Structures are given as C-alpha cells and as structure tokens.
Amino acid sequence: MAGRLEGKVAFITGAARGQGRSHAVRLAEEGADIIAVDACGPVPENTVIPPATPEDLEETVRLVEALDRRIIATKADVRDFDALKAAVDAGVQELGRLDVVSASAGIGNGGQKLDFTTEYDWQEMLDVNLSGVWKTVKAAVPHIKAGKRGGSIILTGSVGGLKAVPNTGQYTVAKHGVVGLMRMLAVELGKYSIRVNCVHPTNVNTPMFINEGTMKLFRPDLENPTPADMDVAARGMHVLPIGMVEAVDISNAVLFLASDEARYVTGLNLTVDAGATLK
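Residues numbered from 1 in each chain as written. Predicted model: local features only at pLDDT ≥ 70, side-chain atom pairs only at ≥ 80, totals over all residues. Heavy atoms only, no water.

- Going by what an unreviewed UniProt entry lists, the chain is known as SDR family mycofactocin-dependent oxidoreductase and is assigned to Trujillonella endophytica.
- One UniProt comment on the chain, placed under Sequence similarities (unreviewed entry), says "Belongs to the short-chain dehydrogenases/reductases (SDR) family." (UniProt positions renumbered as here; feature names shortened; annotations may be inferred.)

## Comments concerning the overall build of the chain
Phase 1 of the analysis: Secondary structure assignment for the chain yields 8 helices and 7 strands.
Phase 2 of the analysis: Expected size for 279 residues packed as a compact globule is a radius of gyration near 19 Å; at 18 Å, the chain falls within 12% of this value.
Phase 3 of the analysis: For the chain, with 279 residues in total, the buried portion stands at 49%.
Phase 4 of the analysis: Counted over contacts in the chain with a minimum sequence separation of 6, partners at least 24 positions apart contribute 73%.
Phase 5 of the analysis: For the chain, the computed accessible surface area is about 12600 Å², with 54% contributed by carbon and sulfur atoms.
Phase 6 of the analysis: Separation of charge centres in the chain, based on 28 positive and 34 negative side chains, amounts to 8 Å. (Helix = DSSP H or I, 4+ residues; strand = E, 2+ residues; numbered from the N terminus. Rg over C-alpha atoms; globule rule 2.2 N^0.38 Å. Buried < 20%, exposed > 50% of the residue type's maximum accessible area, 1.4 Å probe, protein only. Contact = heavy atoms within 4.5 Å. Areas by Shrake-Rupley, 256 points an atom, 1.4 Å probe, with all protein chains shown as cover. Lys, Arg positive; Asp, Glu negative; His and termini not counted. Charge placed at Lys NZ, Arg CZ, Asp CG, Glu CD.)

## Quick look at the nonpolar core
Phase 1 of the analysis: In this structure, Phe11, Leu98, Ile153, Leu155 and Val196 are the most contacted members of the largest nonpolar core, which totals 39 residues.
Phase 2 of the analysis: Within the residue set of this core, elements represented by two or more residues are strand 1 (9–13), strand 2 (33–38), helix 3 (81–95), strand 4 (100–103), helix 4 (119–147), strand 5 (151–156), helix 5 (169–189) and strand 6 (194–201).
Phase 3 of the analysis: Looking at this core, the element that brings in the most residues is helix 4, giving 9 residues.
Phase 4 of the analysis: Not counting residues within four places of it along the chain, the set of residues in contact with Ile153 comprises Val101, Val137, Val141, Ile144, Leu189, Ile194, Arg195, Val196 and Asn197.
Phase 5 of the analysis: Counting 31 residues, the second-largest nonpolar core is a separate cluster that includes Ala24, Val64, Leu257 and Ala258. (Core = buried A, V, L, I, M, F, W, Y, C linked by side-chain atoms within 4.5 Å.)

## Quick word on the pattern of salt bridges
Phase 1 of the analysis: All told, the structure shown has 14 salt bridges when counted by the stated rule.
Phase 2 of the analysis: Glu261 is the partner of Arg4 in a salt bridge, and the nearest nitrogen-oxygen pair spans 2.8 Å. One end of the pair, Arg4, is in the segment before strand 1; the other, Glu261, is in the loop between helix 8 (247–258) and strand 7 (269–272), and 257 residues separate them in sequence.
Phase 3 of the analysis: Using a relative accessible area of 32% as the deciding quantity, one classes Arg4 as partly exposed.
Phase 4 of the analysis: For Asp77, the salt bridge identified is with Arg79, shortest N-O distance 2.6 Å.
Phase 5 of the analysis: Taken together, the shared-partner salt bridges in this structure form one network comprising Arg26, Glu29 and Glu30. (Salt bridge = Lys/Arg side-chain N within 4 Å of Asp/Glu carboxyl O.)

## A short note on the packing of aromatic side chains
In this description, a pair of aromatic rings is defined by centroid distance and the angle of the planes.
Phase 1 of the analysis: Across all of its chains, the model carries 1 aromatic pair by this definition.
Phase 2 of the analysis: Where Phe209 meets Phe218, the ring centres are 5.5 Å apart and the plane angle is 85°; that geometry is what we call edge-to-face.
Phase 3 of the analysis: Taking the relative accessible area as the measure of exposure, Phe209 reaches 8% and is therefore buried.
Phase 4 of the analysis: The side chain of Lys138 reaches across the aromatic face of Phe81, ending 5.6 Å from its centre. (Phe/Tyr/Trp six-rings, centres within 6.5 Å; stacked < 30°, edge-to-face > 60°. Lys NZ or Arg CZ within 6 Å of the ring centre and 35° of its normal.)

## Some thoughts on helix 2 (residues 54–65)
Phase 1 of the analysis: In this model, helix 2 (12 residues) spans 17 Å end to end at C-alpha, consistent with the 16 Å of a helix rising 1.5 Å per residue.
Phase 2 of the analysis: Those residues of helix 2 not exposed but buried are Leu57, Thr60, Val61 and Val64. Projected down its long axis, helix 2 shows its buried positions confined to an angular sector of 100°, all on one face. Pointing more than 90 degrees away from the buried face of helix 2 are the exposed residues Glu55 and Glu58.
Phase 3 of the analysis: In this structure, the buried side of helix 2 is in contact with helix 1 (18–29), strand 2 and strand 3 (71–75). (Expected span 1.5 Å × (residues − 1). Arc of directions from axis to C-beta.)

## Focus: unusual backbone geometry
Phase 1 of the analysis: In this model, Cys40 sits at a positive phi of 50°, which is unusual for a non-glycine residue.
Phase 2 of the analysis: One non-glycine residue, Ser193, adopts positive backbone phi at about 60°.
Phase 3 of the analysis: Looking at the element boundaries, Ser193 is found in the loop between helix 5 and strand 6.

## Here we look at the side chain of Thr168
Phase 1 of the analysis: If you trace the backbone, Thr168 turns up in the loop between strand 5 and helix 5.
Phase 2 of the analysis: Polar contacts involving the side chain of Thr168 include one to the side chain of Thr172, which spans 2.7 Å. (Polar contact = N/O pair within 3.5 Å; in protein donor to acceptor, adjacent residues only side chain to side chain.)

## What to know about the sheet that holds strand 1
Phase 1 of the analysis: Pairing within the open sheet is parallel, and its 7 strands lie in the order 3-2-1-4-5-6-7. Among the strands making up the open sheet, the edge pair consists of strand 3 and strand 7. On average, adjacent strands in this sheet sit at an angle of 15° to one another, irrespective of strand direction.
Phase 2 of the analysis: Sitting on the sheet, helix 8 is in contact with strand 4, strand 5, strand 6 and strand 7, with an inclination near 165° to strand 6. (Pairing = 2+ DSSP bridges. Axes fitted to C-alpha atoms, helices over the stretch in contact; angles between N-to-C directions.)

## As for the packing of helix 1 against helix 8
A pair of packed helices is characterised by two quantities: the angle between their axes and the separation of those axes.
Phase 1 of the analysis: As a packed pair, helix 1 and helix 8 sit with axes 8 Å apart at the nearest point and diverge in direction by 50°. With respect to their mutual orientation, helix 1 and helix 8 come out oblique. As helix 1 runs across helix 8, the sense of the crossing is right-handed. Residue-level inspection shows Gly18, Gln19, Ser22, His23, Arg26 and Leu27 of helix 1 in contact with helix 8, the latter providing Ala247, Val248, Ile250, Ser251, Asn252, Val254 and Leu255.
Phase 2 of the analysis: In terms of residue class, the contact of helix 1 with helix 8 is made up of 6 nonpolar, 6 polar and 1 charged. (Parallel < 35°, antiparallel > 145°, perpendicular 65-115°, else oblique. Left-handed = near helix turned anticlockwise from the far one by under 90°. Nonpolar A, V, L, I, M, F, W, Y, C, P; charged D, E, K, R; others polar.)

Set out below in structure tokens:
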C-alpha cells in the first residue's frame, strides 16, 4: 500500500537530531524524499545546550536511506537565506519537486527575565526562531508554486506561542511571532493551494529539553537533577499525567498536516501539549 506522502518531497530544517530528525524519518516512512538542513554547530555561540554535529546529520541520512528513500542533506544555518536557497535549489534539482516544508530548526532559552536579557540573546532568538522560519519559507515557496500542485507548510511553534510561559521570555515572544507569520502566509498562499499551519509542542524528549540547564531550571531544589526528576516537576504543566512527549508525537502531527488528509486545513494552531494550554 502506498504511503501517505508517496512521490512527494519534503524540506526539513533542524534535521540533524531531535524533532527535525524525527520528522524526516516519519515522513520518509510514508514515502517522502527529504531535503534536510541543519546548522550542525552551536547557535547561539554561547549556548549551554550541546549542539548538533555533522555526524548527527549523517545519522539522519542513514536512517532515511535505510527506509529506501532519497535524502539530500546540507549544512546550512536558517539565518543565512542564501545558504537555505542553495540547499533547496540543489535538493529540488536532484529530487524533482517540492511539496512539503517543515520549519523545525530552533533554539531555546531559560531562566532570564526579559528585563535582564542581553541584546545579543534577544536578537539571536528572533533571528533563528522567527526570521529563520520566514527565510525557510521564502526559499521554498517558489518551488512549490512552480509545481502547480499546491503544498503544505508546517511551522514549529510551541506552547509558548499561545501563552506566556515563565522563564522563556524571548523564546515566547518569537514563537508568538511564528503564529502571526503562519496566519499571514496562509492568507497570502491560499490561492496557490498552499496550506500553512503551525504545530505547538509542549516539552519534548530531545536534547533541547533534556539538558543540564533545563533540568536545573525545573528542579532548583536539587544539586544534580535527572530527567526523571524534571519529569515529576513538568507534570504540573499538563492536564494529562505526563511531563513530556516524544518527538514522534510531534512528527505524527506534522505528517497529518503534510498529508492529503488535511487537504482543507490551513491557518490552524495544532497543539500537541498534553493540555498545557488549558492551564
């Protein structure tokens, strides 16, 4: 039986690990070929979260190819429009078309109140988590239009894009901006049968969430908190009795929005948040 994305091509940013890798693998399982990019380095330079590496991106390639799908992977930073455009152009030339965009690349922050946030950290957040999403779409849209088949663009938001989340100031601001970007793109691209939606995860079990800084933010009462310790504290965010979801839970939402099952869904904020936005 053909997969739900059989014959289609998806462009995915932040594909070296975490949600981006999961999206690449999940869409490939349903028949898509993949154009993958990742910065494969620390963004911003002062991050305490261990960055993705070229080896991580190579592993994504291995996983997709193991599914007998094609993948074109490039090291590119979403802040660099020319690099994104070159990656997409080369991918489409090789794979023949573009149907789906998953703007998944992003960075996190934690702990600093907005009135203490440095200008550097503020600008890096907006450059990656908001402007980088816009540049991703800008690089990809000409190819979707050229195909004259329509397409699906899925932006990665956050619970922080729909409500104020403590200790995530500039991240929450940027993710709220992603919602506005999604709505404008949905209106502007609808006449081309290009759908634009936003997936909003809660805490996801990836390196962006499971790291020393975030664990100490959730459990300041412990000297050396573990993921299990953080999970206990994070349950207070949710209606369902969990502290975090898995990357594949987000990928399944991305797959739905990418597929023809969502052919008339556009401008949607789809939460995968265990009820966090209800609290």
